[in-house]
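The residues making up each chain are set out below.
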Amino acid sequence: MYVPSHFDENCPQVLHAHMERYPLATVIAATAKGIQVNHIPVIFERGGGGLGTLKGHIARANSLWRDLKGGAEVVVVFQGASHYISPNWYPAKREHGKVVPTWNYTAVHARGRIGWTEDATWLREFLEALTNSHERQYETPWRVSDAPEDYIQQMLAAIVGFEITIGSLTGNWKVSQNRSEADRGGVVSALNASGDARARAMAALVAEPATDGIG
């Protein structure tokens, strides 16, 4: 990923928070059958003295686990907040007109090596952790144990798990850092005025791009 120096985000805490907030990842792998791209919800686990681990699962019917050998390198993309930026929002347009449209966004690329597992215990523990992480926001969370045990066993037999040991993390926070304070203020005002949740999320990043790493 091309990252100009003024958009580079390399703080581990910022990158980790981003991966946790946007867990639907794009997993990109080069296999003997060509490039394969899958969209997979993952769990990021810190620790181990390194950059952390990503855990997920795919359908057994997905050929990726057969086409990609364990230990192969993959790229995992976490796309965060994004929004079109109009040059009409810059005071600089009225001053000299030398402005063009752009697109603001936040993204993290994790590179690492993948390992596959068909272990039923691993899969059960992973699915419980994945489910609990998303269900805890609800008043009455659904749990894996709510479903009939024989049904859960069928579901476990239909998936394959993976772990990716992260070797490098790259963050791109393109949130108008290259614009003047006045232009940034114009972007924030226009985005907030739109009333759109995506626009407000980007406005917060433009206003204070390195506050908590939540893009």
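Placed above this text is the structure.
Attention here is on the structure that accompanies the text. Because the structure is predicted, anything quoted here is derived from the model rather than measured.

1. Side note on helix H6 (residues 181-193)
For an α-helix, the turn length of 3.6 residues means that residues three or four places apart are oriented alike.
Stage number 1. The terminal C-alpha atoms of H6, which comprises 13 residues, lie 18 Å apart, in line with the 18 Å expected from a rise of 1.5 Å per residue.
Stage number 2. By the burial criterion, the buried members of H6 are Asp183, Arg184, Gly186, Val187, Val188, Ala190 and Leu191.
Stage number 3. Next to the buried residues of H6 lie strand E6 (73-85), helix H3 (91-95) and helix H7 (197-207).
Stage number 4. Where H6 ends, the next residue or the one after it, Gly195, has phi of about 80 degrees, a positive value.

2. Considering unusual backbone geometry
Stage number 1. Despite not being glycine, Ser176 has its phi angle at roughly 65 degrees, a positive value.
Stage number 2. Tracing the sequence through the fold places Ser176 in the loop between strand E8 (159-174) and H6.
Stage number 3. The buried category is assigned to Ser176, whose relative accessible area is 2%.

3. A look at the environment of Gly186
Stage number 1. Summarising the element assignment, Gly186 is placed in helix H6.
Stage number 2. Taking relative accessible area as the criterion, Gly186 reaches 18% and is therefore assigned buried.
Stage number 3. Sequence separation between Gly186 and Leu123 is 63 residues, and the spatial gap between their C-alpha atoms is 49 Å.

4. Observations concerning the pairing of strand E3 (residues 34-41)
If a strand is regular, its side chains alternate between the two faces of the sheet.
Stage number 1. Direction of pairing for strand E2 (residues 24-31) relative to E3: antiparallel, over a ladder of eight bridges. Within E3, the position partnered with Ala25 by the bridge is Ile40.
Stage number 2. In this antiparallel pair of consecutive strands, E2 and E3, the connection spans two residues.

About the cut-offs
Residues numbered from 1 in each chain as written. Predicted model: local features only at pLDDT ≥ 70, side-chain atom pairs only at ≥ 80, totals over all residues. Heavy atoms only, no water. Helix = DSSP H or I, 4+ residues; strand = E, 2+ residues; numbered from the N terminus. Expected span 1.5 Å × (residues − 1). Buried < 20%, exposed > 50% of the residue type's maximum accessible area, 1.4 Å probe, protein only. Contact = heavy atoms within 4.5 Å. Pairing = 2+ DSSP bridges.

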